[in-house]
Amino acid sequence: MDVRAHVSVIFHLDKCIGCHTCSVACKNVWTDRPGAEYMWWNNVETKPGTGYPTRWENQKKFNGGWKWDGSAKLEMRCQSKADAFLKLFYNPNQPNLDDYYEPFTYKYDDLFTAKLGDDQPTAIPISLITGEPIEIKSGPNWDDDLSGSTIYAENDLNLDNLTEEERNQLFEVERLTMFYLPRICNHCANPTCVAGCPSGAIYKRGEDGIVLINQEKCRGWRACVAACPYKKIYYNWKTGKSEKCVLCFPRLETGQPPACFHSCVGRIRYMGVMLYDADRVPDAMKVPDRALVESQRMAFLDPNNPEVIAAARANGISEEFLDSAKNSPAWKYIMEWKLALPLHIEYRTMPMLFYVPPLLPVMGKSVHGTYNHEAKNFFTCLEESRLPVKYLASLFSAGNEQIVEAVMRKLMAVRYYKRWQSVGDMNENDVDKILRDARTTREEVEQIYAMTAIPTHFQRFVLPPLQREEAIESTCSPEACKGCTGFSLDPTFNPRA
Amino acid sequence: MDLVVDLNFRMDTSALYSDIVLPAATFYEKNDLNSTDMHSFIHPLQAAVTPCWESKSDWDIFKGIAAATAAMAPQYFPDPVKDILVSPLMHDTPAELAQPTVKDWAKGECDLIPGKTAPNIKIVTRDFSQVYNRFISLGPNFRNNGLSMHGTHYDVDDAYDAYMETHPTEKWGGKQYPSLRVDKDACNVILHFAPETNGEMAWRAYESESIKTGIDHTHLAKDTRAVRYTFDDLTTQPRRTLTTPFWTGITNGKRTYAAYCQNIEENIPFRTLTGRQHLYLDHETYIAFGENLPTFKPRGELRQTRDLVQTPKGGGGLVLNYLTPHGKWHIHSTYGDTQRMKTLSRGCYPVWVNDKDADLIGIEDNDWIEVFNDHGVVCTRAIVSARIPTGICLLYHAPERTLGVPKSPERGMKRAGVHNSLTRTRMKPLFMIGGYGQFTYAFNYWGPQGVNRDTFVIVRKLDKVVY
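Residues numbered from 1 in each chain as written. Chains lettered and ligands numbered in written order. Predicted model: local features only at pLDDT ≥ 70, side-chain atom pairs only at ≥ 80, totals over all residues.

## With respect to the overall build of chain A
Item 1. If you tally the helices and strands in chain A, you get 21 helices and 15 strands.
Item 2. Taken over C-alpha atoms, the radius of gyration comes to 24 Å for chain A, in line with the 23 Å a tight globule of 497 residues would show.
Item 3. Principal-axis analysis of the C-alpha atoms gives chain A an extent of 75 × 70 × 45 Å.
Item 4. Counting every position in chain A, which comprises 497 residues, the buried fraction comes to 47%.
Item 5. Taking all contacts inside chain A whose residues are at least 6 apart in sequence as the whole, residues at least 24 apart take part in 67%. (Helix = DSSP H or I, 4+ residues; strand = E, 2+ residues; numbered from the N terminus. Rg over C-alpha atoms; globule rule 2.2 N^0.38 Å. Buried ≥ 20, exposed ≤ 12 C-beta atoms within 10 Å, placed from the backbone. Contact = placed C-beta atoms within 7 Å.)

## Side note on the overall build of chain B
Item 1. The secondary structure content of chain B amounts to 14 helices and 18 strands.
Item 2. Along the three orthogonal principal directions, the C-alpha set of chain B runs to about 75 × 55 × 55 Å.
Item 3. Taken across its 467 residues, chain B has 32% of its residues classed as buried.
Item 4. Once local pairs closer than 6 in sequence are excluded, the contacts in chain B between residues at least 24 apart make up 63%.

## Side note on the pairing of strand β5 (residues 81-87) of chain B
Residue and element names in this part refer to chain B.
Item 1. With respect to burial, β5 is a largely exposed element, only 0 of its 7 residues being buried.
Item 2. For β5 and strand β6 (residues 120-126), the ladder comprises 7 bridges, and the chain directions are antiparallel. Counterpart to Asp83 in the pairing with β6 is Val124. (Pairing = 2+ DSSP bridges.)

## Things to note about the pairing of strand β7 (residues 179-183) of chain A
Residues and elements named next belong to chain A.
Item 1. The element β7 is largely enclosed, with a buried count of 5 among its 5 residues.
Item 2. Residue alternation in β7 divides its side chains into two sets, Phe179, Leu181 and Arg183 and Tyr180 and Pro182, and both sets are buried.
Item 3. Here 5 bridges tie strand β2 (residues 43-47) to β7, and the two strands are oriented antiparallel to one another. By the bridge assignment for β7, Glu45 is matched with Leu181.

## Points about the environment of Gly404 of chain B
Item 1. Tracing the chain through its elements places Gly404 of chain B in the loop between β15 (392-395) and β16 (407-408).
Item 2. Distance from Gly404 of chain B to Arg303 of chain B, taken between C-alpha atoms, is 34 Å for residues 101 residues apart in sequence.
Item 3. For Gly404 of chain B, the residues in contact, after removing those within four places along its chain, are Tyr106, Thr122, Ala123, Ile124 and Pro125 of chain A together with Cys348 of chain B.

## As for the nonpolar core
Item 1. Grouped together as the largest cluster of nonpolar side chains are 129 residues, with contacts concentrated most on Leu275 and Tyr333 of chain A.
Item 2. Looking at this core, the element that brings in the most residues is helix α17 (residues 401-422) of chain A, giving 10 residues.
Item 3. Both domains that meet at this core, namely domain 1 (8-102 + 138-260) and domain 2 (275-460) of chain A, each give it at least three residues.
Item 4. For Leu275 of chain A, the contacting residues outside a window of four places in its chain are Val3, Ala5, Phe300, Leu301, Pro303, Val308, Ala312 and Ala325 of chain A.
Item 5. One finds Ile369, Val371, Ala382 and Phe456 of chain B within the second-largest nonpolar core, a separate group that totals 37 residues. (Core = buried A, V, L, I, M, F, W, Y, C linked by C-beta atoms within 7 Å. Domains from an automatic or database assignment.)

## So, the interface of chain A and chain B
Item 1. Counting residues at the interface gives 31 residues for chain A and 26 residues for chain B.
Item 2. Taken together, the residues of the side of chain A that touches chain B break down into 16 nonpolar, 11 polar and 4 charged. (Nonpolar A, V, L, I, M, F, W, Y, C, P; charged D, E, K, R; others polar.)

## Topic: the sheet that holds strand β13 (residues 300-301) of chain A
Residue and element names in this part refer to chain A.
Item 1. Pairing within the open sheet is mixed, and its 5 strands lie in the order β13-β12-β1-β15-β14. Edge positions in the sheet fall to β13 and β14 (341-342), since each has one partner strand and no second.
Item 2. In this sheet, β13 lies alongside strand β12 (residues 269-277) in antiparallel orientation, the contact comprising 2 bridges. Residue pairing across strands places Leu275 opposite Leu301, the latter belonging to β13.

## Quick look at the packing of helix α16 (residues 389-396) of chain A against α17 of chain A
Residue and element names in this part refer to chain A.
Item 1. Where α16 contacts α17, the two axes come as close as 8 Å, and the packing angle between them is 105°. Here α16 is positioned roughly perpendicular relative to α17, judged by the angle of their axes. Counting all contacts with α16, which are made through Val389, Lys390, Leu392, Ala393 and Phe396, the residues of α17 involved are Glu401, Val404, Glu405 and Met408.
Item 2. In the contact of α16 with α17, the residues fall into 6 nonpolar, no polar and 3 charged. (Axes fitted to C-alpha atoms, helices over the stretch in contact; angles between N-to-C directions. Parallel < 35°, antiparallel > 145°, perpendicular 65-115°, else oblique.)

## Let's talk about the confidence of the model for chain A
Item 1. When pLDDT is averaged along chain A, the result is 90, and 91% of the positions lie at 70 or above.
Item 2. In the predicted structure, residues 487-497 of chain A sits below a pLDDT of 50 and forms 23 contacts with residues beyond four places in sequence or in another chain. (pLDDT = per-residue confidence, 0-100.)

## Overview of the environment of Phe41 of chain B
All names here are of chain B.
Item 1. For Phe41, the position within the fold is in the loop between β3 (32-34) and β4 (43-45).
Item 2. Residue classification places Phe41 among the partly exposed positions, given that 15 C-beta atoms sit within 10 Å.
Item 3. The spacing of Phe41 and Pro389 is 348 residues in sequence and 40 Å in space, taken between C-alpha atoms.
Item 4. Other than its neighbours up to four places away in sequence, Phe41 contacts Pro238, Arg239 and Arg240.

## What about the confidence of the model for chain B?
Item 1. The predicted model of chain B averages 93 in pLDDT, with 100% of residues at 70 or higher.
Item 2. Quick note on the complex model: pTM equals 0.91, ipTM equals 0.91.

## Let's talk about the sheet that holds strand β13 (residues 368-372) of chain B
All names here are of chain B.
Item 1. On the basis of which strands lie adjacent, the closed barrel formed by 6 strands has the order β11-β15-β12-β14-β13-β18 and mixed pairing. Put simply, the sheet's adjacent strands are angled 40° from each other on average, direction ignored.
Item 2. With 4 bridges joining them, β13 and strand β18 (residues 455-461) adopt antiparallel strand pairing. Of the residues in β18, the one forming a bridge with Phe372 is Ile458.

## Details of unusual backbone geometry
All names here are of chain A.
Item 1. Following Lys47, the chain continues to Pro48 via a peptide bond in cis, the omega torsion being 0°.
Item 2. In this fold, Pro48 is placed in the loop between β2 and α2 (59-62).
Item 3. At His187, a position not held by glycine, the phi torsion is positive, near 45°.
Item 4. By secondary structure assignment, the location of His187 is in the loop between β7 and α6 (192-196).
Item 5. Phi is positive for Arg348, close to 60°, though the residue is something other than glycine.
Item 6. As for its placement among the helices and strands, Arg348 is situated in the loop between β14 and β15 (353-356).

## What to know about helix α13 (residues 329-336) of chain A
Residues and elements named next belong to chain A.
Item 1. Taking burial as the measure, the 8 residues of α13 include 6 buried ones, the bulk of the element.
Item 2. If you check which residues of α13 are buried, you get Pro329, Ala330, Trp331, Lys332, Tyr333 and Ile334.
Item 3. Directly beyond the C-terminal end of α13, a positive phi value near 55° is found at Lys338.

## Topic: the domain arrangement of chain A
Residue and element names in this part refer to chain A.
Item 1. One can read the domain layout of chain A as domain 1 (8-102 + 138-260) and domain 2 (275-460).
Item 2. Once you take the C-alpha centre of each, domain 1 and domain 2 turn out to be 24 Å apart.
Item 3. With 32 residues of domain 1 in contact, the opposing surface of domain 2 contributes 36 residues.
Item 4. Those elements that provide at least two residues to the side of domain 1 that touches domain 2 are β1 (3-12) and β3 (66-68).
Item 5. Ranked by residue count, the leading element in the side of domain 1 that touches domain 2 is β1, at 5 residues.
Item 6. Considering only residue class, the side of domain 1 that touches domain 2 consists of 16 nonpolar, 12 polar and 4 charged.

## Details of the packing of α17 of chain A against helix α18 (residues 428-437) of chain A
Residues and elements named next belong to chain A.
Item 1. At a closest axis distance of 9 Å, the pairing of α17 and α18 adopts a crossing angle of 160°. For the element pair α17 / α18, the angle class is roughly antiparallel. Taken as a pair, α17 and α18 cross one another with a handedness that is left-handed. Side by side, α17 and α18 meet where Arg409, Ala413, Tyr416, Tyr417 and Trp420 of the first sit next to Glu428, Val431, Ile434, Leu435 and Asp437 of the second. (Left-handed = near helix turned anticlockwise from the far one by under 90°.)

## Re the domain arrangement of chain B
Residues and elements named next belong to chain B.
Item 1. For chain B, the assigned domains are domain 1 (1-77) and domain 2 (302-461).
Item 2. With centres defined by C-alpha atoms, the gap from domain 1 to domain 2 works out at 30 Å.
Item 3. Listed per partner, the contact involves 5 residues of domain 1 and 5 residues of domain 2.
Item 4. Looking at the side of domain 1 that touches domain 2 residue by residue, the classes come out as 2 nonpolar, 1 polar and 2 charged.

Here's what the structure looks like:
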């Protein structure tokens, strides 16, 4: 057992209102620079929809992530050494400006300097790249709120497995539905970006699992851009280096949650420690698609298990870190309650960001104009739901519908239990039956309710103390680096130099 | 208008049409107070940084205008001048019973009696040479008259005198006043005399309320009587408003604010004609409009609204109902012109159209369209979505003409307009009756408002875009 600690993340999609405050917070803090205009380390997508960059889930085109053919090895879909060599001068797996968008601004100055005339001046849009007037044809959130659109929503790849009838239903006015999918780097446990980097510039921090690009070492090959199946690495055209979400490590190191977490209006975001067994990675990802979610769960270690604790201590994980792991909301959502699922685990990078799938669009199914709350056909509304479970399974469980259904049942059980408690229009026996069918208990449901609806800041963000001195020690004297928040293993300030 | 002066931190439409634009400080560049009906905490706005370039806080700008006015007064108004002040029939005054029927003195239906059949009319003296001094001083009338709200009244003279002993003061004309020279002092004056932030004032207001109702309400302010919030207190940690009769909720003991708790629990009369929750309205105008009980009124149809009388229909356009709901990428007209919000949306202020409607007139998503009626024209791009029902289109309010708005072929290549170019101000007469119970003017309570902007437009494709 090789115990590693990971700062993991939960996004509760039922709570996301799609306000993009996270995106703006991140943009203002990290990517408000020349060369980074088009980067959205945090973005929010409307689902069904095509996302950003457009149709990033299309691995037939982008070839990101790992593939497994049943053999002993995972193989990168692209950017293996041979593949990278062949694509040195032309790489069709790279997203280009059309897949992103041409960043733009406006000639605001014209409003001040326009000559006196018989009509009002207006600031025309111009390209942030060329400075020339531009026809705005796309953006980082172009299909926002556009469920039901024949151009955008209909091209969502996750709809491919639906039957013709199921697809058509999604576009009938009365059945239109959508939800939001906020995305940051998944800080994967088995990242293809790290594997694909020819310069060895990308690394996963030992103490918390944050994936970072060393800007000194990056040579701008952009292999990581192609290799990341989530398209969460961006190439900076000004510096010639690639950049990505850093999980606001300078904030984490000073005890603050990342900017996108802290600013979240719907309070959908949770952060906590997960312990996992590095010996089980990447073997955990060498199983058939439908077994992937469970296989990833098997790699996680119970922070209350004495054997795990002993092995963690032996690996140098601090007591404070272990305490955080015991109180981790991530552990509760992923393992105790089994409500949080990884996004597109079939890319086999073992993402460490987990989503509680949205129940609302699923529950919003009416039969003959009324919503049915009878226990006997309690779960039929799941099968006939407005948003097919098949669609959610395509996103969150590599197509395994049973896993998503189990989550939905439990989420619904929480709703019905609280409804019985507060409204009192249901039979107690029916409610208990619902709980049993959802394989949950009153105690667990109360806990889920409390963590979902009324958690405090410090319950949502159980941040481990990051002791940088231990990591810094390996390359230079912590005393010389004291106060150097945010320094990586390769500090730019090197007292030995 | 002879002169339009705009205090603004953006070059927005108002600024473009103003004679003078004075650059104003933003929220993070000035000290100010703000509150909301969304929660019961008081917002302090703090100057985190110095105002950019030459901009100044609103307080400093108004103060500067007052100083300039006072300096010019010896030349233009050497002596005090008389002025007429007209003010509405106010809520919480005897004027609430002034006009049970609608009679117009101008038509000879009644005599002109100020404060009864007409607004209050008062002659006041303006001494422009003292405008600045008065601006920076909390005046003697405040000390002598006290504060009134919701029909209650309390004295502040002793608090006013005591306040001067420990706070900055201004001396002029042989007298001394609490200072309002600095924005933070102005905030502190408000905090010190308002019952929401000074427990003694809340207690006095309840004393006054108790006399009116004959029930002792002072227990509501007993535990908070010693509370005094200062501006610095608010910046240290969030503070909630105290329970006062100026509001209707009870926030004691960490209770969540909810309207009308005091009316129900304390038997304080509702501020209606009957003092109760009041559904039936016996005013003759309400009866005439058939709205003396809560009433459903369907939307106006095209022939009723007469929005397309002079506009020829046809010409490849489609007639649609037009709505202007709240937007996602701006708060009314603010923030909508920032590059960030524009990038996250569509780079313009688009009109949403149903996909089947769009098919009828050959419009695809992101095509340029011209939307027009008798009132005006909008040129923008279309978002085509099945989420919009057929027969309607919508444009989030309130766009600006300042960003990428083309010229309109329909209007002789003049710059196209904004959402309200297509609507018209159609006042509802019921909002204009007054002087009768709860239908009596008070700021933000009752007055002409709620213009129904629902209208009809023609939408058609715009082939060539000219800026």
